[in-house]
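Secondary and tertiary structure notes
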Amino acid sequence: MRLSETSDPWDAFAAWYGEGERHEPDVPNAMQVATVDPDGRPSVRTVLLKGYDREGLVFYTNLNSRKSAALRANPRVAMTMHHKSLERQIHVEGT
């Protein structure tokens, strides 16, 4: 499925994520989240998507973790969700 340039990003996310939930045999809500710490060092790790709406994506993390510290210092992140069975990735950037 190719999405039109005029597609609403949240509708597109919901459609593609829904397909991933139906077809991905492993962990369809696994996503890689990239952050940058106060010294500019990038870090990426896998977390689980717990929910989403038009306000953003929700994942849980330890509030004392390195990831939490990086998010407090710089709330800008990039996320990629890979659904191998569909040969598709969803990429999101934002705060």
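All of the points below concern the structure found in this document. Note that residues are indexed from 1 along each chain, following the sequence as it is written. In view of the model being predicted, local features appear only for residues whose pLDDT reaches at least 70, and side-chain atom pairs are presented and counted only at 80 or more, with totals across whole chains, interfaces and linings using the full set of residues. Water and hydrogen atoms were dropped before computing side-chain values, which therefore reflect all heavy atoms in the structure.

**Quick look at the overall build of the chain**
To be explicit about the condition: The way it works is that DSSP assigns letters per residue, a run of H or I at least four long becomes a helix, a run of E at least two long becomes a strand, and they are numbered from the N terminus. What sets the accessible areas is the Shrake-Rupley method with a 1.4 Å probe; for residues, cover comes only from the shown protein chains. In this tally Asp and Glu are treated as negative and Lys and Arg as positive; neither His nor the chain ends contributes. The location of each charge is read from NZ of Lys, CZ of Arg, CG of Asp or CD of Glu.
When helices and strands are counted, the chain shows two helices and five strands. When the helices and strands of the chain are listed from N to C terminus, the series reads α-β-β-β-α-β-β. Here the C-alpha coordinates of the chain stretch approximately 40 × 30 × 20 Å along the principal axes. Counting only carbon and sulfur atoms, one obtains 50% of the accessible surface of the chain, whose full area is about 6,600 Å². Taken together, the 12 basic and 13 acidic charged side chains of the chain have centroids lying 7 Å from each other.

**A look at helix α1 (residues 9–23)**
Which entries qualify depends on this criterion: In this scheme, a helix's expected span is set at 1.5 Å multiplied by one less than its residue total. For every residue, the accessible area (1.4 Å probe, protein chains only) is compared with the maximum for its type, and the residue is labelled buried under 20%, exposed over 50%, or partly exposed between those bounds. Note on contacts: a residue pair is in contact if any heavy atoms of the two residues lie within 4.5 Å. We define a polar contact as two N or O atoms separated by no more than 3.5 Å, with the added condition that, inside protein, one atom must be a possible hydrogen donor and the other a possible acceptor, whereas residues neighbouring each other in sequence contribute only through side-chain atom pairs.
Between the first and last C-alpha of α1 there are 21 Å, a value that for 15 residues agrees with the 21 Å anticipated at 1.5 Å per step. Of all the positions in α1, only A12, F13, W16, Y17, G18, E19 and G20 are classed as buried. If you follow the buried residues of α1, they end up packed against β2 (42–53), β3 (56–59), β4 (77–83) and β5 (88–94). Of the residues flanking the start of α1, the one acting as N-cap is D8, its side-chain oxygen 2.9 Å from the backbone nitrogen of W10.

**Looking at the pattern of salt bridges**
Note on pairing: side chains with opposite charge can pair once their charged atoms come close. As a reminder of what qualifies: By salt bridge we mean one thing: a side-chain nitrogen of Lys or Arg within 4 Å of a carboxyl oxygen of Asp or Glu.
Taken as a whole, this structure holds five salt bridges when the rule is applied. Across the salt bridge formed by R88 and E19, the nearest N and O atoms sit 3.2 Å from each other. Pair noted here: R88 is in strand β5 and E19 is in helix α1, with a separation of 69 residues, a long-range link. R88 gets classed as buried once you look at its relative accessible area, which sits at 9%. With a closest N to O distance of 2.9 Å, R41 and D37 form a salt bridge. Each of D8, D11 and R54 takes part in salt bridges that share partners, so that together they form one network.

**Examining the pairing of β5**
Heads up, the rule is: Strands qualify as paired when DSSP identifies two bridges or more between them.
The sheet contact formed by β4 and β5 spans seven bridges and is antiparallel. Bridge pairing in β5 places V77 opposite G94. Between β4 and β5, which pair antiparallel in sequence order, lie four residues; one of them, E87, sits at a positive phi of approximately 55°.

**So, the sheet that holds β4**
To keep it simple, the criterion reads: For helices, the fitted axis covers only the stretch in contact; all axes are lines through C-alpha atoms, and the angles between them, taken along N-to-C directions, range from 0 to 180 degrees.
Taken in spatial order, the five strands make up an open sheet running β3-β2-β1-β4-β5, and their pairing is antiparallel. Only two strands of the sheet have a single neighbouring strand rather than two, namely β3 and β5. Taken pair by pair, the neighbouring strands of this sheet meet at an average axis angle of 40°, ignoring direction. Where β2 meets β3, four bridges bridge the pair, whose relative direction is antiparallel. Among the inter-strand pairings, D53 is bridged to a residue of β3, identified as G56.

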